[in-house]
Amino acid sequence: MGARPAPPGAIIKMWKPEKNSLHVDSRTSPTPHGRHHDDPAAVTSNVRKAGPIRTSTEAEDPDNRTRPTVDHPKTRNDHTPLLNMEAKIDKDGTPDTRLHRKPQKKLPTLHSSSHHPPSVKEHTIANMHETADNVSSNSTNKHHSERMADEPPLNNGYTNRAPDRIKDRRKNKRPTPPRRSRDREALDTVTTPKAPLPSDRRTPKIKEAAKSLQIPARVATTPGKKLRDTLTSSRPLDKKKCPNNDCRTCTALNNSGNCRDRNLVYEVKCGYPECRQNGIGLYNGETYRPIGDRFTEHFRSANNPTAKSYKDMPFAKHYATHHQDSHPNLELKVLQHTSTTVDRKIKEARFILKNKPDLNNRDEQTEPRKHPV
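A. Quick peek at the overall build of the protein chain. Helix and strand counts for the protein chain come out as twelve helices and ten strands. Residues counted as buried form 31% of the 373 residues belonging to the protein chain. Taking the contacts inside the protein chain whose residues are at least 6 apart along the sequence as the reference set, 60% of them involve residues at least 24 apart. Of the accessible surface of the protein chain, which amounts to about 26,400 Å², a share of 50% is contributed by carbon and sulfur atoms.

B. Structural context of unusual backbone geometry. In the Ramachandran plot, N263 falls in the positive-phi region, its phi being about 60° despite a non-glycine side chain. Residue placement: N263 occurs in the loop between α8 (248-253) and β8 (264-270). Owing to a relative accessible area of 10%, N263 belongs among the buried residues under this scheme. Despite not being glycine, D325 has its phi angle at roughly 60°, a positive value. Locating D325 in the fold gives a position in the loop between α11 (314-322) and β10 (330-337).

C. A look at the side chain of D150. With respect to the secondary-structure elements, D150 resides in helix α4 (residues 139-154). Since its relative accessible area comes to 15%, D150 is described here as buried. Not counting chain neighbours up to four residues away, the residues in contact with D150 comprise H129, P163 and K167.

D. Layout of the environment of R76. Within the fold, R76 resides in the loop between α2 (47-59) and β3 (80-82). It is 8.6 Å that separates the C-alpha atoms of R76 and D90, two residues lying 14 residues apart in sequence.

E. Highlighting the sheet that holds β8. The three strands are arranged β9-β8-β10 in an open sheet whose pairing can be described as antiparallel. Because the sheet does not close on itself, it has two edges, and the strands there are β9 (282-287) and β10. Pairwise comparison of adjacent strand axes, ignoring direction, gives a mean angle of 25° for this sheet. In the packing of helix α12 (residues 341-355) onto the sheet, the strands contacted are β8, β9 and β10, and the crossing angle to β9 comes to about 170°.

F. Up close: the packing of helix α10 (residues 291-303) against α11. It is at 7 Å that the axes of α10 and α11 come closest, and there the two elements cross at 30°. Classified by the angle between their axes, α10 and α11 sit roughly parallel to one another. Here α10 and α11 pass one another in a crossing that is right-handed. Counted together, H298, S301 and A302 of α10 and P314, F315, A316 and Y319 of α11 form the full contact between these two elements. Of the residues contributing to the contact of α10 with α11, the split by class is five nonpolar, two polar and no charged.

G. Quick look at the environment of S137. In this structure, S137 sits in the loop between α3 (118-135) and α4. On the basis of relative accessible area, S137 is assigned to the partly exposed category, the value being 36%. Through-space distance from the C-alpha of S137 to that of P95 is 7.5 Å; in sequence the pair is 42 residues apart. The contacts of S137, once residues within four sequence positions are left out, are P95, D96 and T97. Side-chain polar atoms of S137 contact the backbone nitrogen of T97, separated by 3.1 Å.

H. The nonpolar core, seen in detail. In terms of nonpolar packing, the biggest core is built from 19 residues, with Y266, V268, F295, F315, Y319, L330 and L332 touching the most fellow members. Sorting the residues of this core by element identifies α8, β8, α10, α11 and β10 as the ones contributing at least two each. Residues within four places of Y319 in sequence aside, it is in contact with C270, Y272, A302, Q324, S326, H327, P328, N329 and L330. Formed by six residues, the second largest nonpolar core is a distinct cluster that contains L110, I125, A126 and A162.

I. Summary view of the sheet that holds strand β4 (residues 85-89). An order of β3-β4-β5 is seen for the three strands of this open sheet, with the pairing classed as antiparallel. At either end of the open sheet lies a strand with only one pairing partner, and these are β3 and β5 (95-99). Averaged over all adjacent pairs, the angle separating strand axes in this sheet is 35°, with direction ignored. For β3 and β4, the ladder comprises three bridges, and the chain directions are antiparallel. Residue pairing in the sheet places P81 in a bridge with E86 of β4. Here α3 sits on the sheet and contacts β4 and β5; the angle it forms with β5, its principal contact strand, is near 170°. Here α4 sits on the sheet in contact with β4 and β5, set at roughly 20° to β5.

J. Representation of the packing of α3 against α4 in the model. Direction vectors running N to C along α3 and α4 enclose 160°, while the axes themselves pass 8 Å from each other. Overall, the two elements α3 and α4 adopt an arrangement that is roughly antiparallel. Between α3 and α4 lies a crossing of right-handed hand. Contact residues: I125, M128, H129, A132 and D133 in α3; K142, S145, E146, A149, D150, P152 and P153 in α4. Split by residue class, the contact of α3 with α4 holds six nonpolar, two polar and four charged.

Rules of the game
- Residues numbered from 1 in each chain as written.
- Predicted model: local features only at pLDDT ≥ 70, side-chain atom pairs only at ≥ 80, totals over all residues.
- Heavy atoms only, no water.
- Helix = DSSP H or I, 4+ residues; strand = E, 2+ residues; numbered from the N terminus.
- Buried < 20%, exposed > 50% of the residue type's maximum accessible area, 1.4 Å probe, protein only.
- Contact = heavy atoms within 4.5 Å.
- Areas by Shrake-Rupley, 256 points an atom, 1.4 Å probe, with all protein chains shown as cover.
- Pairing = 2+ DSSP bridges.
- Axes fitted to C-alpha atoms, helices over the stretch in contact; angles between N-to-C directions.
- Parallel < 35°, antiparallel > 145°, perpendicular 65-115°, else oblique.
- Left-handed = near helix turned anticlockwise from the far one by under 90°.
- Nonpolar A, V, L, I, M, F, W, Y, C, P; charged D, E, K, R; others polar.
- Polar contact = N/O pair within 3.5 Å; in protein donor to acceptor, adjacent residues only side chain to side chain.
- Core = buried A, V, L, I, M, F, W, Y, C linked by side-chain atoms within 4.5 Å.

Here it is in structure tokens:
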């Protein structure tokens with residue numbers, strides 16, 4: 001799910017729906033059911049039994065955002081995807097597993113022209129091949145998994161030499177002997193506090209002080225953020241692209257921005273000629289969310305101005321008064337990108353004072369007073 005707090009949050013979020021749906025009726029409860037971090041999984045004997053489990057799990061979510069999927073083999077010879085591998089059970093009961101990758105637009109690897117050191121790129125490719133070996137149950141599946149592991153590097157500017165060199169190095173690699181701790185007392189520690197590295201001279205003194213005071217802790221220092229981390233890009237050739245083929249927001253922006261831009265001040269105006277001549281149908285606003293989400297709200301209110309949830313919005317009032325039964329014609333412009341909430345509120349008030357939009361209620365000019373500077 002992207003962030004470190006996400007797996008615990010997902011476990012807490014899914015516990016109640018699972019408890020009230022999977023563990024209630026023994027007739028529909030799946031025999032194997034478990035979770036790998038934030039990915040719950042359940043196995044049933046056929047697709048018919050999986051349907052009620054998915055329906056009951058969705059019904060227990062108060063936000064109506066849980067969408068379980070049912071993966072099943074179309075024939076007996078097909079595999080079923082499970083996390084980063086796909087599996088099936090042979091007739092003799094032997095599990096047959098191999099590497100699986102979800103379909104996505106970007107292949108997860110570092111580009112050959114990125115600013116990372118060559119060792120980082122080699123380790124990334126080596127880890128992909130190691131994963132392919134670990135999830136493969138036999139030599140045939142291992143060959144299939146290795147071909148899948150070769151695709152991302154070849155599609156990111158690497159030649160065939162890089163994967164072949166890494167494969168040969170992995171084959172000739174000697175097994176690493178288990179490391180033995182120099183200080184046996186370190187094994188009795190109960191915690192490992194981490195702190196930014198102060199200096200090469202102070203770090204040993206901190207460790208010696210903790211040892212002399214017999215504190216049951218092992219001090220570990222972590223490097224701070226370096227200039228290299230700020231300037232390094234894993235995919236320097238990638239540009240912001242709209243995920244939709246026919247995006248309403250990008251069309252309204254007229255190639256002057258991207259629908260995924262956020263934390264900005266924007267301007268929306270009615271595109272009908274009579275509104276342009278009379279200087280009406282203008283609105284200035286701010287948003288921290290992606291501009292595409294905010295523009296969609298304006299478009300929906302203009303498209304359905306009589307709805308109860310939209311009737312108080314600016315473009316609902318405008319289209320109910322001037323363009324009844326007309327399709328929304330809105331133009332969007334990004335006025336300025338901002339950095340903080342206070343900065344965004346202040347710049348919005350300044351643009352409203354400058355442009356004098358008729359659809360704003362002027363409450364935005366007093367909004368910055370609520371935020372401490």
